[in-house]
Amino acid sequence: MQFYADDEELVESVGGYLIEALQAGGVALIVATASHRAAFEARIAATGMEISSARAAGALVSLDARQTMSRFMAADRPDPQGFKAVVGDLVRRATETGRPVHVYGEMVDLLWHAGYVNAAIELERLWNDLGRELPFSLFCAYRSESGGAAEHLDAFGEICRLHSAVVRPPPACTTASAAAVDASRAFGAKLTSPKEARRFVARMLEAWADEDLIADATLVVSELAANAVTHAGSGFTVAVRTTGDLVRIAVHDGSRLEPVDRAPTLVASSGRGLGLVAAVATRWGVDAADDGKLVWAELARAGVSAR
């Protein structure tokens, strides 16, 4: 979730998020106001991508936020079954293509500014429920003044808590609620997937960690994701979780063969991955799973010693 002061800031951040999906051969799903949809599409077109071609291929789906909400709102509250039928079905069809799916939505911000605070919270929870069922990335945005009203501070703290990462949080989002990260995303068995996983982890940790720790975390996920694609030959899921001053990166793939920490020669072009992971992590390990294995690593903030 991002708080933004003006549309220029919003278009830059959301545009990059949508372009990332399209350049990776994925699906960009936009649920926004007409003016924002037009601005995002202009940002995408500036990269040389053809909007009409992306739409025809099902890679770019653009919906009006108010019209979409009207299809599942009942008595000023979101109807869970209606949300599943309207939004859930749309996201499900996108994920069934096997391509990475990036969703941007601002229906919650519209509800909040219309005075339907509880409805906004309920809709955020429905998005989270859908995220537990389907592999997709969700980007929400609120105007910076959203959390200013004193009577809504507790409610806005809950909004922040419902997101895995918050960019430029206002005072209404406490440090703890804004910083806590617990997110996961599935990736296909493609050569581009490690790069996508690296970007995912960097984005999730942006509001929680400093640049050095993010660099170490992205190095770890790059190596583990590359092992999943190259050696396990399978798609994989990346999970990011923060607890206290530790971040845990876990990669689940479809092979039960444990990774081997090799000792490569100076001229070897590969084989250093796990050595790099061990060098930057406070600890790492491998856990067996019924459908493969989980390789994980923990990293600490500066000043926290290894356990």
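It should be noted that the structure appears before, not after, this text.
A.B. asks: It is not clear to me how the packing of aromatic side chains should be interpreted in this structure. Could you clarify?
C.D. replies: Remark: the centre distance and the inter-plane angle together describe each pair of aromatic rings, the angle taken between the planes. With the rule as written, the count across this model stands at 8 aromatic pairs. Arranged with centres 5.1 Å apart and planes meeting at 80 degrees, the rings of F40 and Y104 form a pair that is edge-to-face. Highlighted residues: F40 in helix α2 (residues 34–45) and Y104 in strand β6 (residues 101–105), separated in sequence by 64 residues. Each member of the pair, F40 as well as Y104, is classed as buried. A centroid spacing of 5.2 Å and a plane angle of 20 degrees characterise the contact between F187 and F236, whose relative ring orientation is stacked. Here F187 is found in strand β8 (residues 182–187), whereas its partner F236 is found in strand β9 (residues 236–243), with 49 residues between them in sequence. Judged by relative accessible area, F187 falls into the buried class, the value being 6%. Joined through ring pairs, the aromatic side chains of Y17, F40, Y104 and F139 make up one cluster.

A.B. asks: Help me out: how do you make sense of the nonpolar core in this one?
C.D. replies: Proteins that are soluble and globular tend to have nonpolar side chains buried together. Grouped together as the largest cluster of nonpolar side chains are 33 residues, with contacts concentrated most on V87, V91, M107, L123 and W127. Listing elements by their share of this core, those giving two or more residues are β2 (27–32), α4 (65–70), α5 (80–95), β6, α6 (107–113), α7 (117–133) and β7 (137–143). Broken down by element, this core gets its largest block of residues, 8 residues, from α7. Once residues lying within four places of it in the same chain are set aside, the contact partners of L123 are F72, P78, F83, M107, V108 and L111. Core analysis: the second largest hydrophobic core is formed by 31 residues, F236, V238, L274 and V295 among them.

A.B. asks: How should the pattern of salt bridges be read in this particular structure?
C.D. replies: Taken as a whole and assessed by the stated rule, the structure comprises 13 salt bridges. Note that E12 and R43 form a salt bridge whose closest N and O atoms lie 3.4 Å from each other. Placement of E12 in helix α1 (residues 7–23) and of R43 in helix α2 is noted, with a sequence separation of 31 residues between them. We note a salt bridge from R132 to D129, for which the minimum N-O separation is 2.5 Å. Placement of the pair is R132 and D129 together in helix α7, with a separation of 3 residues, close to one helical turn. Using a relative accessible area of 63% as the deciding quantity, one classes R132 as exposed. Overall, the relative accessible area of 36% leaves D129 in the partly exposed class.

Rules and cut-offs
Residues numbered from 1 in each chain as written. Predicted model: local features only at pLDDT ≥ 70, side-chain atom pairs only at ≥ 80, totals over all residues. Heavy atoms only, no water. Phe/Tyr/Trp six-rings, centres within 6.5 Å; stacked < 30°, edge-to-face > 60°. Helix = DSSP H or I, 4+ residues; strand = E, 2+ residues; numbered from the N terminus. Buried < 20%, exposed > 50% of the residue type's maximum accessible area, 1.4 Å probe, protein only. Core = buried A, V, L, I, M, F, W, Y, C linked by side-chain atoms within 4.5 Å. Contact = heavy atoms within 4.5 Å. Salt bridge = Lys/Arg side-chain N within 4 Å of Asp/Glu carboxyl O.

Nothing here speaks to function; it is all geometry.
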